[in-house]
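# Coordinate analysis (summary)
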Amino acid sequence: MEKGSREKLLMLLYLGIYLTVALTIALNQPLNDTFPSLCNPPDEHSRYKVPLYICNHGTLPTGFEEELFSGECRWTYGFYTLLPYMVQGYAMRFVKLFTDSQLALLYTARLVNVAIGFGMAWLVWLLGKKLFQDERVRWLFCFLVTFLPQSLFLHTYVNPDSMCLLSTALMLYGLVCGYGDGFSVRACGFLAAGVILCALSYYNAYGFILGSMVLFAAYFLKRRDGRWKYDWRGLLKKGLPICGVVLLCISWSFIRNYILYDGDIVGLTTKENFIKSFGIARETYHSQGKPLSEMLFQTDFFEKLSDSFIACYGSTSLYTRRSIYRFYRILFGVGILSMVFCRSRNQKKTEDRKWLRVLFHGVMVFCMLMPLILLIRYAYMVDYQAQGRYILPGVIPFMYYVSRGLEKFPLWRKCPEKGKNWLCTAVLAGIVLALVITVYGSALPYYLQAQVI
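In this report, we go over the structure that sits alongside the text. (Residues numbered from 1 in each chain as written. Predicted model: local features only at pLDDT ≥ 70, side-chain atom pairs only at ≥ 80, totals over all residues. Heavy atoms only, no water.)

## Some details on the overall build of the chain
What counts here: Each helix corresponds to a stretch of at least 4 residues labelled H or I by DSSP, and each strand to a stretch of at least 2 residues labelled E; elements are numbered beginning at the N terminus. Using C-alpha atoms as the atom set, the radius of gyration is obtained and then compared with a globule rule of 2.2 Å times the number of residues to the power 0.38. We call a residue buried when its accessible area falls under 20% of the maximum for its residue type, exposed when it is over 50%, and partly exposed in between, using a 1.4 Å probe and counting protein chains only. By definition, residues are in contact when any of their heavy atoms lie within 4.5 Å. Note on areas: Shrake-Rupley with a 1.4 Å probe; residue coverage comes only from the protein chains shown. We treat Lys and Arg as the positive residues and Asp and Glu as the negative residues; His and chain ends play no part in the count. Just so you know, the charge point we use is NZ for Lys, CZ for Arg, CG for Asp and CD for Glu.
A tally of regular secondary structure across the chain gives 19 helices and 2 strands. Expected size for 453 residues packed as a compact globule is a radius of gyration near 22 Å; at 23 Å, the chain falls within 12% of this value. Taking the principal axes of the C-alpha coordinates as reference, the chain spans close to 65 × 55 × 55 Å. Here the chain holds 453 residues, and 52% of them are scored as buried. The contacts in the chain between residues at least 6 apart in sequence include a share of 75% that link residues at least 24 apart. Of the roughly 21,200 Å² that the chain leaves accessible, carbon and sulfur atoms contribute 63%. Taking the average location of the 47 positive side-chain charges in the chain and that of its 29 negative ones, the two points are 12 Å from each other.

## Points about the pairing of strand 2 (residues 227-230)
Definition in use: One bridge is not enough; two strands pair if DSSP finds at least two bridges between them.
Of the strand pairs in this sheet, strand 1 (residues 221-224) and strand 2 are connected by 4 bridges, and their pairing is antiparallel. Residue Arg223 lies in a different strand from strand 2, and its bridge partner there is Trp228. Counting the residues in the hairpin turn of strand 1 and strand 2 gives 2 residues, including Asp225, whose phi is positive at 55°.

## Topic: unusual backbone geometry
Note on backbone geometry: most residues besides glycine have negative phi, and most peptide bonds are trans. Even without being a glycine, Phe183 presents a positive backbone phi close to 60°. Counting through the fold element by element, Phe183 comes out in the loop between helix 8 (161-181) and helix 9 (185-199). In the Ramachandran plot, Asp262 falls in the positive-phi region, its phi being about 55° despite a non-glycine side chain. The residue Asp262 is located in the loop between helix 11 (232-260) and helix 12 (268-277) in this model. A residue is classified by how much of its surface remains accessible, and Asp262, at 77% relative accessible area, is exposed.

## Focus on the packing of aromatic side chains
Formally: For Phe, Tyr and Trp, rings pair up if their centres lie within 6.5 Å, where Trp contributes its six-membered ring, and each pair is then called stacked (planes under 30 degrees apart), edge-to-face (over 60) or tilted (otherwise).
Within this structure, the stated rule accounts for 41 aromatic pairs. Look at Tyr14 and Trp139: their rings are 5.4 Å apart centre to centre, the planes differ by 75°, and that puts the pair in the edge-to-face class. Linking Tyr14 in helix 1 (residues 3-28) with Trp139 in helix 6 (residues 135-147), this pair joins segments that are 125 residues apart in sequence. On the basis of relative accessibility, which here comes to 2%, the residue Trp139 falls in the buried class. Ring geometry for Trp122 versus Trp125: centroids 5.3 Å apart, planes at 50°, classification tilted. Taken together, the positions of Trp122 and Trp125, both in helix 5 (residues 102-131) and 3 residues apart, correspond to about one turn of that helix. Under the relative-accessibility criterion, Trp122 is labelled partly exposed at 38%. What links up through ring pairs into an aromatic cluster is the set Phe64, Phe69, Phe79, Tyr261 and Phe274.

## A short note on the side chain of Arg256
Mapping Arg256 onto the fold places it in helix 11. With residues near it in sequence (within four places) discarded, Arg256 still touches Leu60, Pro61, Thr62 and Leu82.

## So, the packing of helix 3 (residues 49-57) against helix 4 (residues 83-95)
The following threshold applies: Geometry is summarised by axes, namely lines fitted to C-alpha atoms with helices restricted to the contacting stretch, and by angles between N-to-C directions that run from 0 to 180 degrees. With respect to orientation, any angle under 35 degrees is reported as roughly parallel, any angle over 145 as roughly antiparallel, any angle of 65 to 115 as roughly perpendicular, and every other angle as oblique. By convention the crossing between two helices is left-handed if the near helix lies anticlockwise of the far one by an angle smaller than a right angle, and right-handed if it lies clockwise.
Helix 4 packs onto helix 3 with a crossing angle of 45° between their chain directions and a minimal axis gap of 8 Å. In terms of orientation, helix 3 lies oblique with respect to helix 4. Here helix 3 runs over helix 4; the crossing is right-handed. Mapping the contact onto sequence places Val50, Pro51, Leu52, Ile54, Cys55, Asn56 and His57 in helix 3 and Tyr85, Met86, Gln88, Gly89, Tyr90, Met92 and Arg93 in helix 4.

## Thoughts on the pattern of salt bridges
How we decide: One speaks of a salt bridge when a side-chain nitrogen belonging to Lys or Arg is within 4 Å of a carboxyl oxygen belonging to Asp or Glu.
Scanning the model with the defined rule gives 13 salt bridges in all. A salt bridge links Glu44 to Arg110; its shortest N-O distance comes to 2.7 Å. Of the two residues, Glu44 is situated in helix 2 (residues 44-47) and Arg110 in helix 5; the sequence distance between them amounts to 66 residues. For Glu44, a relative accessible area of 0% corresponds to the buried category. Between Asp307 and Arg322 there is a salt bridge whose closest N-O contact spans 3.2 Å. With Asp307 in helix 14 (residues 301-310) and Arg322 in helix 15 (residues 322-341), this pair connects stretches of sequence that are 15 residues apart.

## Here we look at helix 5
Stated precisely, the cut-off is as follows: Multiply 1.5 Å by the residue count of a helix minus one, and that product is the helix's expected span. Distance and chemistry together define a polar contact, namely a pair of N or O atoms within 3.5 Å, with one atom able to donate a hydrogen and the other to accept it when in protein, and with adjacent residues in sequence counting only for side-chain atoms on both sides.
Between its first and last C-alpha, helix 5 extends 44 Å over 30 residues, near the 44 Å set by a 1.5 Å rise per residue. Put simply, Ser101 is the residue that caps the front of helix 5, since its side-chain oxygen is 3.3 Å from the backbone nitrogen of Leu103.

## A word on a positive patch on the surface
How we decide: Exposure above 30% relative accessible area and no salt bridge define the residues that can form patches, which grow by joining like charges within 9 Å and nonpolar side chains of Val, Leu, Ile, Met, Phe, Trp and Tyr within 5 Å.
Together, Lys3, Lys129, Lys130 and Arg186 make up a region of like positive charge exposed at the surface. Its location among the elements puts Lys130 in helix 5. The class of Lys130 is partly exposed, set by a relative accessible area of 48%.

## Side note on the packing of helix 15 against helix 19 (residues 417-449)
One way to put it is that helix 15 packs onto helix 19 with a least axis distance of 10 Å and a crossing angle of 145°. The element helix 15 and its partner helix 19 pack so that their crossing is left-handed. Here Ile324, Phe327, Tyr328 and Leu331 of helix 15 lie close against helix 19, whose contacting residues are Val427, Gly430, Ile431, Ala434, Ile437 and Thr438.

## What about a nonpolar patch on the surface?
Residues Leu19, Leu23, Leu27 and Leu111 make up a contiguous nonpolar surface patch of roughly 260 Å² in combined accessible area. For the nonpolar patch, the element with the most residues is helix 1, which contributes 3 residues. Following the sequence through the fold, Leu111 ends up in helix 5.

## What to know about the nonpolar core
The test is simple: As used in this record, nonpolar core signifies buried Ala, Val, Leu, Ile, Met, Phe, Trp, Tyr and Cys residues forming a set joined through side-chain atoms within 4.5 Å.
One finds Tyr14, Phe141, Phe147 and Ile396 to be the most contacted residues of the largest nonpolar core, which totals 119 residues. In this structure, Phe147 is in contact with Tyr14, Ile17, Tyr18, Cys142, Leu152, Tyr328, Ile431, Val432 and Leu435, ignoring residues within four places of it in sequence.

## Looking at the state of the cysteines
Going by this rule: Here, a disulfide means two cysteine sulfur atoms that sit within 2.5 Å of each other.
The final tally for this structure, using the stated rule, is 0 disulfides. Looking at the unpaired Cys142, the closest cysteine sulfur is the one in Cys424, lying at 11 Å. Cys249 takes part in no disulfide bond, and the closest cysteine sulfur to it belongs to Cys243, at a distance of 13 Å. Judged by its relative accessible area of 30%, Cys249 is partly exposed.

Encoded structure:
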């Protein structure tokens, strides 16, 4: 088969698998708490009230709206960034012109995220083409990012995580394109769009915004004729339009919060004070005077975090087979260790830009660690939640290092071309099989026993 035809076939397979599995989950999982398995998505019944409010009223709610309360829960998701819920809410409002079916409205909200995930899958493929010369490793990278069971799960229910993951793909693609074409209008557009979506979707991924700013600014520091020179003109020419567009698109949210919540531009302090006003005290490791080390090393915190990073559906209640967790841990372990300790044969020495490669890797590590640090702080200080979905904003750089490491693995390098084809096919099949078993073997049977609404 010719290379172009094979590429098209793989693309159809890649996007087809995503849509088939994502739609299966989105159309079958329940909205409300269902016992004994609690197979509804985490907090969706509370989150869904925000786009439903927008759908019914045509306006944005504040965090104080009683309509957004869920049972005895005396706080709402109205305090958080609202862009993902706005897109879902106004899509629901359009559908409501034709039907009042509550099921249709729920599906509309979920399908917005399915579409966002589809866009991310496409962007990941484009990013892979820029990052990997070997077609096989590129597809390995795409499958790892898109078909990690927990990653795909985030695109199937009402949450801001889906848009957040898309924003990280946009920022990284904008940076990679910019380093290749000197930050053309197209590259700057991708970068600006990513920053906007990130700023208005999920605070946990703000490290990507800071990292993108650092890498963008670093591009204009160059060594010429043995001297370092900073291109301030180029920085201002490219950077000011990006800053202008970003500020124009995101400032309304922070100004609104400043006005509504007495200067609290992100709303989180107001949310916590609102909870305390009802006399609700959260018992945490910190409030009990227990050290952070006890939470981290004397509980199963990291085991739960690792498992739920790979696959944990329902309200953190539906796990998959242990063999799948072992498969991914081996894959991750081999990839990361090879990335660190194995040297690529084709690695070129470019000492004048070596500092930029070091900076790039430092920023990527920072972007992966920031969500983890924020999660640990939140789990210790506010509410214990060892959930891998909170660290998934770092999934793209993490899978980049895994894929690059597998490419440097001695077994791969010593294989003949035909052997590499079979080895790559086996790993890709294993990734898809792990996803299919998780969804159709571990989660779907519980979904089918529960009411969707």
